Amino acid sequence: MTGAAGVVAGVMGSAVAAGDAAAVPARRNDVPGTGAAGHRGRGRAARRELRGMWVATVANLDWPSKTGLSASAQKAELIAYLDKAVELRLNTVVLQVRPTADALWPSPYEPWAQYLTGVQGKDPGWDPLGTAVTEAHRRGLELHAWFNPYRVANHTDPSRLAATHPARLHPDWVLPYGGKLYYNPGLPEVRRFVQDAMLDAVRRYDIDAVHWDDYFYPYPVAGQVFDDDAAYAKYGAGFPDKAAWRRDNTDRLVRETAERIKEIRKSVQFGISPFGVWRNASTDPLGSDTKAGVQTYDDLHADTRGWIRKGWIDYICPQIYWNIGFAAADYAKLLTWWNETVRGTGVDLFVGEALYKAGDPAQPAAWQDPAELSRHLDLAADRDQVRGHVFFSGKDVVTDRIGAMARVVGDHYRNRTRPPR
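Asker: Before we move on, can you summarise the packing of helix 11 (residues 372–381) against helix 13 (residues 404–412) with the specific residues and values?
Answerer: Put simply, helix 11 and helix 13 touch, their axes get as near as 7 Å, and they point 35° apart. The residues of helix 13 that touch helix 11, namely those facing L373, S374, L377 and D378, are A404, R407, V408, D411 and H412. Considering only residue class, the contact of helix 11 with helix 13 consists of 4 nonpolar, 2 polar and 3 charged.

Asker: Could you give an account of the sheet that holds strand 5 (residues 174–177), naming the residues involved and the relevant values?
Answerer: If you trace the 3 strands from one edge of the open sheet to the other, you get 4-6-5, paired in antiparallel fashion. With one partner strand each, in any of the chains shown, strand 4 (151–153) and strand 5 form the two edges of the open sheet. Between one strand axis and the next, the sheet turns through 40° on average, direction left out of account. Where strand 5 meets strand 6 (residues 180–183), 4 bridges bridge the pair, whose relative direction is antiparallel. Bridge pairing in strand 6 places L175 opposite Y182.

Asker: I'd like to hear about the packing of aromatic side chains, residue by residue, with values.
Answerer: What the rule picks out here adds up to 23 aromatic pairs. Between the aromatic rings of Y232 and W245, the centroid separation amounts to 5.3 Å while the plane-to-plane angle is 45°, which identifies the pairing as tilted. Of the two residues, Y232 is situated in helix 6 (residues 229–235) and W245 in helix 7 (residues 242–264); the sequence distance between them amounts to 13 residues. Accessibility expressed as a relative area gives 1% for W245, which makes it buried. Across the ring face of Y215, the terminal group of R151 is positioned such that the distance to the ring centre comes to 5.4 Å. The ring of W278 carries R305 above its face, with NZ or CZ at 5.6 Å from the centroid.

Cut-offs applied
Residues numbered from 1 in each chain as written. Predicted model: local features only at pLDDT ≥ 70, side-chain atom pairs only at ≥ 80, totals over all residues. Heavy atoms only, no water. Axes fitted to C-alpha atoms, helices over the stretch in contact; angles between N-to-C directions. Helix = DSSP H or I, 4+ residues; strand = E, 2+ residues; numbered from the N terminus. Contact = heavy atoms within 4.5 Å. Nonpolar A, V, L, I, M, F, W, Y, C, P; charged D, E, K, R; others polar. Pairing = 2+ DSSP bridges. Phe/Tyr/Trp six-rings, centres within 6.5 Å; stacked < 30°, edge-to-face > 60°. Buried < 20%, exposed > 50% of the residue type's maximum accessible area, 1.4 Å probe, protein only. Lys NZ or Arg CZ within 6 Å of the ring centre and 35° of its normal.

From the geometry alone we can't say anything about function, so treat these as descriptive.
Shown next, in the form of structure tokens:
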């Protein structure tokens, strides 16, 4: 799989990271199917649950379909996604509004995203985030604003950034790694800045949630070093090793952001969608029965389980992007692990679903079956802590190349319902 976020070396090969995986468009299939009989919820009022889809803007993965469209054409495409969500009886759209240290609203902190006009910093002539919030609420949808905290660019040339980009004004904030540019999470001034930039949207818009994807420290790239030695030398005293210091940096970003969101607007939720494996049980007995090549705690320095146990976030939406029975990371086993991890914490569990894999000939045989995703929801119905699902991504919701989304809707979304609150 290709995508602006790159290919992630994950479980038994490559696991595409959530938020940014690209899928190949296929035939359109807009009509929800009827599905097989006997699924839960048939014939009775639907329980409250989150039913969402991610709409990615980085590299124009979902929206806008290409750069340089007129403001009216961009708006029409955005509204079409919202209308599709209503048609499929979804209730939440997770819209990527800060893909690469830029903005899809008139931000005083960062330039306009290049994915609108093709030129970073160029005013598109309208306010996408403001419009998305208004039009989503008009349709009874929640709008979760999706931010990427640290990614600056999908290249390593700062001169390609807008002249006023903070990464050019503060080159000491930025590190190249794996063909991309990142803000250095080890610098307190960086953590404060990225919070300020994201929270500007919370202050200005009636968004329902702040949503982060799986990118904290970057995914490991073989043979390359994320060169934060200087920051570690300056700020790492008192930690047993660099990994512990890095995890503390990520913890600080999460905890501080959570506190500041509630100071601005208590009703705004804070949710994070991490890679599906916290740690393997072979690494930590508290981990899952998996053999993942990536572990968020160790490789991304993101203690997702700890954030849940400490109550720093309102919801967790792990990307359980594997099929039932997949040897290295079985969907059913991970679903159970996450179900038990949130129990008693007050943190809602939503499940990130890999709709983009359905019908992809490069994927295992299970993903060629239109009923695979519907079976995921069957399993979730037997886990008492699961409160919804989010599908990646918008383009795949629309094209639905083998009818997998239609099966989900026909089997499980027969009636509209509201998200849990």
